[in-house]
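Here is how the chains run, residue by residue.
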Amino acid sequence: FPSHDRAPLYDTESPISAIRCGSFVLTGETISEKIRSLRHHVRAVIKEEKPDFCVFEAPADDVRSYEKEETDMLGETKVTRGINAKSSLLLHDIAGALEVIILGCGVECERVRPQTWQTVIPKSIRGKGKGKVAAKDRVRLYCDMLNIIGKNADARDAAVIAIWAAGRSQVLKLQKQTGRAA
């Protein structure tokens, strides 16, 4: 979702390079404090920009595992696998709160999975590296190709999500048909 500094806003009547994008960091130690921070940022952007529609990235549905290398006292390296379920649950809490905040401001919204919004990037654009690193590099290359300036990876992601929504969001298309969105 947009930042108050430079919201990832896209007027679908303007060229793609007109997208303004940014990101913000949630402050606070507890989930409640982070959600209050989110509410502050989101309400300010909606009040200032008056969007017809918002779209944001949905957190992953699966709890991903990670590998960690540990060296024991004998100097032998052992690889262990673990999961970070707490982070995944917090992301879902934040996404739910974000949806409620947006709807509470009277703006329709939609969550979109990364695997879905990334389909707007042409397959001919290949990122360096593997996995998330390659995906982030593809987004960067796509934004560069479209002359979209994003200060960081999150801002560029937001810009591509906006592009996806403008062309492929069924919720936005229905809103346009009923005259509730520009």
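These numbers were taken from a predicted model, which means no experiment stands behind them.

The rules behind each value
Residues numbered from 1 in each chain as written. Predicted model: local features only at pLDDT ≥ 70, side-chain atom pairs only at ≥ 80, totals over all residues. Heavy atoms only, no water. Axes fitted to C-alpha atoms, helices over the stretch in contact; angles between N-to-C directions. Helix = DSSP H or I, 4+ residues; strand = E, 2+ residues; numbered from the N terminus. Parallel < 35°, antiparallel > 145°, perpendicular 65-115°, else oblique. Left-handed = near helix turned anticlockwise from the far one by under 90°. Contact = heavy atoms within 4.5 Å. Nonpolar A, V, L, I, M, F, W, Y, C, P; charged D, E, K, R; others polar. Polar contact = N/O pair within 3.5 Å; in protein donor to acceptor, adjacent residues only side chain to side chain. Buried < 20%, exposed > 50% of the residue type's maximum accessible area, 1.4 Å probe, protein only. Lys, Arg positive; Asp, Glu negative; His and termini not counted. Salt bridge = Lys/Arg side-chain N within 4 Å of Asp/Glu carboxyl O.

*Asks:* Can you help me understand the packing of helix α5 (residues 153-168) against helix α6 (residues 170-177) in this one?
*Replies:* Angle between the axes and distance between the axes: these two values describe a pair of packed helices. Contact geometry of α5 with α6 gives a least axis separation of 7 Å together with a crossing angle of 50°. In this view, α5 runs oblique relative to α6, as classed from their interaxial angle. Relative to α6, α5 is oriented so that their crossing is right-handed. Within the contact between the two elements, α5 uses Ala165, Ala166, Gly167 and Arg168 and α6 uses Gln170, Leu172, Lys173 and Lys176. The class makeup of the residues in the contact of α5 with α6 is three nonpolar, two polar and three charged.

*Asks:* Explanation requested: the side chain of Ser169 in the structure shown.
*Replies:* By secondary structure assignment, the location of Ser169 is in the loop between α5 and α6. Looking at Ser169, its side chain comes within polar contact range of the main-chain nitrogen of Leu172, at 3.1 Å. In contact with Ser169, other than residues within four places in its own chain, are Phe53, Glu110 and Trp164.

*Asks:* It is not clear to me how the side chain of Arg156 should be interpreted in this structure. Could you clarify?
*Replies:* With respect to the secondary-structure elements, Arg156 resides in helix α5. No salt bridge is formed by the buried Arg156; its nearest oppositely charged neighbour, Asp144, is found at 6.2 Å. Residues within four places of Arg156 in sequence aside, it is in contact with Val139, Arg140, Cys143, Gly150 and Lys151.

*Asks:* What am I meant to see in the environment of Trp117 here?
*Replies:* Residue placement: Trp117 occurs in helix α3 (residues 114-117). Between the C-alpha atom of Trp117 and that of Ile149, which follows or precedes it by 32 residues, the distance is 18 Å. Discounting chain neighbours no more than four positions away, the residues touching Trp117 are Glu57, Val112, Val139, Asp157, Val160, Ile161 and Trp164.

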